[in-house]
Amino acid sequence: SRTANPNQELVEEIIQTTSGALSVLGSFRIIYDVFKQHYASEKSYNNKITTDPYQRIMLGLSFFDLSHSFFDSFMGTWMTPRETGWLMAAGNQATCTAQGFFTSLGFMGCLVKVKFF
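Computed from a predicted structure; not experimentally measured.

S.K.: How would you explain the overall build of the protein if you had to name every residue and give the values?
M.R.: Each helix and strand counted, the protein has 3 helices and 0 strands in total. Mapped in sequence order, the helices and strands of the protein form the string α-α-α. Across the 117 residues that make up the protein, the buried fraction comes to 29%. Across the protein, contacts joining residues at least 24 apart in sequence account for 60% of those joining residues at least 6 apart. If you sum the accessible surface of the protein, you get close to 7,800 Å²; carbon and sulfur atoms cover 67% of it.

Okay, here's the thing in structure tokens:
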């Protein structure tokens, strides 16, 4: 158990999962809007790409945020090895490693995009 109080642990897990789900939905919506505008403008201007740099930056940030939010906040302790005793832990070492990889990918991707743009 991460905390001494099981009720507090449950509340933390619910808040983390809910905020992660909202972040995933928001990132997915931004990705959808950018692609929708790209394909709509592609039909209008004879295959000429008309997305501006801001949209491409938001697309990259949203892609990496989607990865980070889904694997870190939404999945939370679900992918943690069952042996840890954490609330809702149902994974194994392989799922924990995969979660760590995609969480790091999303986090580092956001940092790199912000740093260079």
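S.K.: Tell me about the environment of Pro6, and name the residues and values.
M.R.: Relative to the assigned elements, Pro6 resides in helix H1 (residues 6-44). Distance from Pro6 to Trp86, taken between C-alpha atoms, is 9.9 Å for residues 80 residues apart in sequence.

S.K.: Help me get a handle on the side chain of Ser67, residues and values and all.
M.R.: Relative to the elements of secondary structure, Ser67 occurs in helix H2 (residues 53-74). Here Ser67 falls in the buried class, since its relative accessible area comes to 10%. When sequence neighbours within four positions are dropped, the list of residues in contact with Ser67 reads Phe102, Leu105 and Gly106.

S.K.: Run through unusual backbone geometry, naming residues and quoting values.
M.R.: If you check the backbone angles, Met88 has positive phi at about 70 degrees while not being a glycine. Along the chain, the position of Met88 falls in the loop between H2 and helix H3 (93-116).

S.K.: A description of the packing of aromatic side chains should follow, citing residues and the corresponding values.
M.R.: Evaluation of the coordinates by the stated rule reveals 6 aromatic pairs. Ring centres of Phe70 and Phe74 lie 5.6 Å apart, and the angle between their planes is 25 degrees; this geometry places the pair in the stacked category. On the criterion of helical spacing, the pair formed by Phe70 and Phe74 is a turn pair, its members being 4 residues apart in helix H2. The class for Phe74 is partly exposed, based on a relative accessible area of 24%. Pairing Phe71 with Phe102 gives two aromatic rings, centres 4.7 Å apart and planes at 15 degrees, and the pair type is stacked.

Conventions we followed
Residues numbered from 1 in each chain as written. Predicted model: local features only at pLDDT ≥ 70, side-chain atom pairs only at ≥ 80, totals over all residues. Heavy atoms only, no water. Helix = DSSP H or I, 4+ residues; strand = E, 2+ residues; numbered from the N terminus. Buried < 20%, exposed > 50% of the residue type's maximum accessible area, 1.4 Å probe, protein only. Contact = heavy atoms within 4.5 Å. Areas by Shrake-Rupley, 256 points an atom, 1.4 Å probe, with all protein chains shown as cover. Phe/Tyr/Trp six-rings, centres within 6.5 Å; stacked < 30°, edge-to-face > 60°.

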